[in-house]
Structure formats: C-alpha cells, structure tokens
Amino acid sequence: MTRRVVGFLLVAALMAGGPVAFASDIGQQIADQIDVVSYQYYLDEELYTHYGHSRGISGAEHNLARDNIVEIFQGFGLQVELDEFEHWGQPGWNVVATQVGTVYADAQYILGAHYDSVDNPGADDDASGVAGLLEIARVLSQYETEYTIKYIAFDMEELGLIGSQIYVDDHLDDDIRGMIQSDMIAWDYGVYSAEILGRTASLPLKNALAAAINEYGNGLSVVVSGPSDGSDHAPFEWAGFQACQLAEQYRRSNPHYHTQLDSVDTPAYISYELAADCARSVAGFLADYAGVIVGPCVGDVDGDGDTDQADLGILLTDWGCTSDCVGDLDGDDDTDQSDLGILLADWGCTP
Ligand SMILES: [Zn+2]
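Residues numbered from 1 in each chain as written. Predicted model: local features only at pLDDT ≥ 70, side-chain atom pairs only at ≥ 80, totals over all residues. Heavy atoms only, no water.

Draft legend 1. How the structure looks around the coordination of the zinc ion. At this site the zinc ion is bound by His 114 (NE2), Asp 125 (OD), Asp 183 (OD) and Asp 183 (OD), with donor distances of 2.0 to 2.4 Å. Each of the four donor atoms around the zinc ion contributes to a set of angles spanning 54 to 145°, which defines the coordination as irregular. Each donor residue of the zinc ion lies on one chain, and together they are spaced H-x10-D-x57-D. One end of the pair, His 114, is in strand 3 (residues 104-114); the other, Asp 125, is in helix 5 (residues 123-140), and 11 residues separate them in sequence. Under the relative-accessibility criterion, His 114 is labelled buried at 0%. (Donors = N, O, S within 2.8 Å, 3.2 Å for Na, K, Ca; no water. Tetrahedral: all angles 85-135°; square planar, octahedral: opposite > 155°, others 65-115°. Helix = DSSP H or I, 4+ residues; strand = E, 2+ residues; numbered from the N terminus. Buried < 20%, exposed > 50% of the residue type's maximum accessible area, 1.4 Å probe, protein only.)

Structure below.
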C-alpha cells in the first residue's frame, strides 16, 4: 500500500469511531468530558460505598478510601499532600491535590467534599461529592488553567467540620476566589434539581454556579438558597471567603441519610446521572472561572477558525509530502501519521 492509502485507511478507521463534534465553547467542551461511567467507577469501586463499609473516623475503610483518593489524584499528575491533624487525640487527614495555575498561581478556586462518614457506607453523604472531585480532576488535569485549583477531600466533616476548619485556620491569607463544596449530589427526590446553599455575601459565587448549572448541567434544574452551616464550605464563609454548598435538592428528605442503607447497593437509590450533571456544571464553571487554557488550533490548516473536514482534506492531499508541506504540522518534513494525530487532537478546535 502506498502511504497515502495507509493514511486514508487510518482516517477511515478513526472516522468510524467518530471524531467527536465538540461544542465551540471551552466550558461545554470540558463539561462534555465528564463521564458517568467513570464517575460510577469512582463511587462504586474506589470509595468503599458498599453494604458493611464504614468510612467513619475509626471505620475499617476510612484509611483505605483516603489512600485511594491520594493515589487517584497522583495518577492525574497533581501535587498531593496528606495534611494530618489531630482532634481529641485522634488523627485525621485532609487530602489536598493542587493544580497550579500557569498565569495566576497564587489565586485559587477550591473544590471540596468530605470522605469521612457516620460509620456507614456514606454513598451519597459524601462519597458522591468525592467521586465528583475525582472525575472533575480527571478531566481538568489534562489542561493548563490560569488560576490554581485545589481539590480537597476533607476528613472529620461529620464530627463538626473539623478538617475544613483546621484547613481554613491554616490558610487565612490565601487568595481564595471561590470554594464549592459538593456534599450529597447523587440522590434524586424526583425533581431532578440541585440546590446551592450559602450566605448573601457568597451570592456572586452562588449565582455564577447556578448559571453554570443552567449552561452545562444537561437539563439539571437549580434553586439558590440561603445559608447552611452543615458542610465544609461554612468555615470558608466564616473566614470571609466566597463559598457555597452544592447538593441535591431536598437532601434532608433522603430516606437513607446517615443510615447503613446510604450505599450504592441499595436498589433504585443512587442517581449517577444527577451526580454527573452536577460534576459537569462544576467542571464547566471552573473552565470559565479558573480559565482553562486552550492552545492555538494547530490543526486549523486553512485558518478558517475551525479544525474540521476541510483541514483533514488538505492534510491528506499533502500526505507523504517532504518539503514545504502545509500538512506537515509538526515540521519534521514529512506529512504523516504524527501530523494526522495532531489534527485529530485539535478536531473542532476554535480559538
Ligand atoms: Zn455530608
């Protein structure tokens, strides 16, 4: 086969798999990459959410879940710290994963959730939020962001917001632009709606997050409510930072709240879709506010502002070209598979 035929076959194979039609907006592109199957894997397989499991502070699975969270964040290439503290003689650990901003490294957005439970599997409360952190980090860690993002899995929330209060006390001088705590995002009362809780002072953040839910939430509804001091965003608000809680609406009506049946094993209980739509919204929010940086569209060979079929045609016409080739995107004097890879990676890219 000639190189051109090989090229065509390769493209045909890739096209059969379907180059994805990305939306033009980077927030939508990021939100679209949140994957409910991946989310479910984290919730079901990595966070000890099955019958009999306990992530209570002395529970058999508490430290196992903690270690899994550390390993998953590390697998994304993030800096991970295990911040140990002591409360009433018992050790606790906040897991802090950091994605350093490439433009405003000192200014940061924080995503939080808590991995401890009330001696139960705590699938909705709050492995659901932790799985969201992991899935959002999986997507965003593939990009540079202008602002720093910290993904924090707090400990000892159920003992009275202990881990988050200690974290805030240690970071009062940080430039925290917004903190979003996902706590209980995987149960559907039947209204397919999220709720955003926080003080009036946090209204700019609350409204921006609500707008992101409307934009990227895949049909998820949202209500914006007043303060709730019942989760790890509260110490951030008390310290004067903009912070809020994202939760399923009517979370207090969850029949399995703080019981052994708050488990992924309970039939017809967990709504992975609702949780994934919450994660999509937060990911889209961060894409916009933490400033996901998209590189120039190298694959846009004809310069029309979209990397599409026309560019692919130009590259294939140039296939095998060894000097002054428009299709030679990587400049190695050969228009070949590596150039095709670059073009496809850029598919749909709009500057
Ligand atoms: Zn909780």
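Draft legend 2. View of the confidence of the model for the protein chain. Overall, the prediction assigns the protein chain a mean pLDDT of 91, with 93% of residues at 70 or greater. Predicted confidence for residues 1-24 stays below pLDDT 50, and this span has 31 contacts to residues more than four positions away or in other chains. (pLDDT = per-residue confidence, 0-100. Contact = heavy atoms within 4.5 Å.)

Draft legend 3. The nonpolar core, seen in detail. Among the nonpolar cores identified, the biggest contains 69 residues, and Ile 69, Phe 73, Ile 136, Tyr 151, Leu 246, Phe 285 and Leu 286 are the most heavily contacted of them. When residues of this core are assigned to their parent elements, the largest contribution, 12 residues, is made by helix 9 (residues 272-291). Counting residues in each nonpolar core, the second largest holds 11 residues, with Ile 152, Tyr 167, Ile 176 and Ala 243 among its members. (Core = buried A, V, L, I, M, F, W, Y, C linked by side-chain atoms within 4.5 Å.)

Draft legend 4. Representation of the side chain of Asn 120 within the structure. Note that Asn 120 resides in the loop between strand 3 and helix 5. A distance of 3.1 Å separates a polar atom in the side chain of Asn 120 from the backbone nitrogen of Gly 122. A polar side-chain atom of Asn 120 sits 2.7 Å from the main-chain carbonyl oxygen of Thr 259. Excluding anything up to four places from it in sequence, Asn 120 contacts His 53, Ser 54, Arg 55, His 258, Thr 259, Gln 260 and Asp 262. (Polar contact = N/O pair within 3.5 Å; in protein donor to acceptor, adjacent residues only side chain to side chain.)

Draft legend 5. Main features of the pattern of salt bridges. One pass over the structure, following the stated rule, counts eight salt bridges. Notably, a salt bridge pairs Arg 280 with Glu 273, separated by 3.9 Å at the nearest N-O pair. Residue classification places Arg 280 among the buried residues on the basis of a relative accessible area of 11%. Here the salt bridges share partners, and the residues they tie into one network are Arg 199, Asp 229 and Glu 237. (Salt bridge = Lys/Arg side-chain N within 4 Å of Asp/Glu carboxyl O.)

Draft legend 6. Molecular detail of the sheet that holds strand 7 (residues 193-197). Judged by pairing direction, the sheet is mixed, and its eight strands sit side by side in the order 1-2-5-3-6-9-7-8 without closing on themselves. Sheet topology places strand 1 (79-87) and strand 8 (221-225) at the edges, where each strand pairs with a single neighbour. Here the average twist between neighbouring strands, direction ignored, is 20°. Both strand 7 and strand 8 contribute to a ladder of five bridges, which runs parallel. Counted as the bridge partner of Ala 194 is Val 222 from strand 8. In the packing of helix 4 (residues 62-75) onto the sheet, the strands contacted are strand 1, strand 2 (90-99) and strand 5 (147-154), and the crossing angle to strand 2 comes to about 15°. (Pairing = 2+ DSSP bridges. Axes fitted to C-alpha atoms, helices over the stretch in contact; angles between N-to-C directions.)

Draft legend 7. How the structure looks around the packing of aromatic side chains. Within the structure shown, the criterion is met by 11 aromatic pairs. Ring geometry for Tyr 109 versus Tyr 147: centroids 5.9 Å apart, planes at 80°, classification edge-to-face. Linking Tyr 109 in strand 3 with Tyr 147 in strand 5, this pair joins segments that are 38 residues apart in sequence. Per residue, the accessibility class of Tyr 109 equals that of Tyr 147, and both read buried. Centroid distance Tyr 189 to Tyr 250: 4.4 Å. Interplanar angle 45°. Geometry classified as tilted. With Tyr 189 in the loop between strand 6 (175-182) and strand 7 and Tyr 250 in the loop between strand 9 (243-248) and helix 9, the pair connects residues that are 61 residues apart, well separated along the chain. Judged by its relative accessible area of 44%, Tyr 189 falls in the partly exposed class. The residue whose ring lies beneath Arg 66 is Trp 93, and the NZ or CZ to ring-centre distance is 4.3 Å. (Phe/Tyr/Trp six-rings, centres within 6.5 Å; stacked < 30°, edge-to-face > 60°. Lys NZ or Arg CZ within 6 Å of the ring centre and 35° of its normal.)

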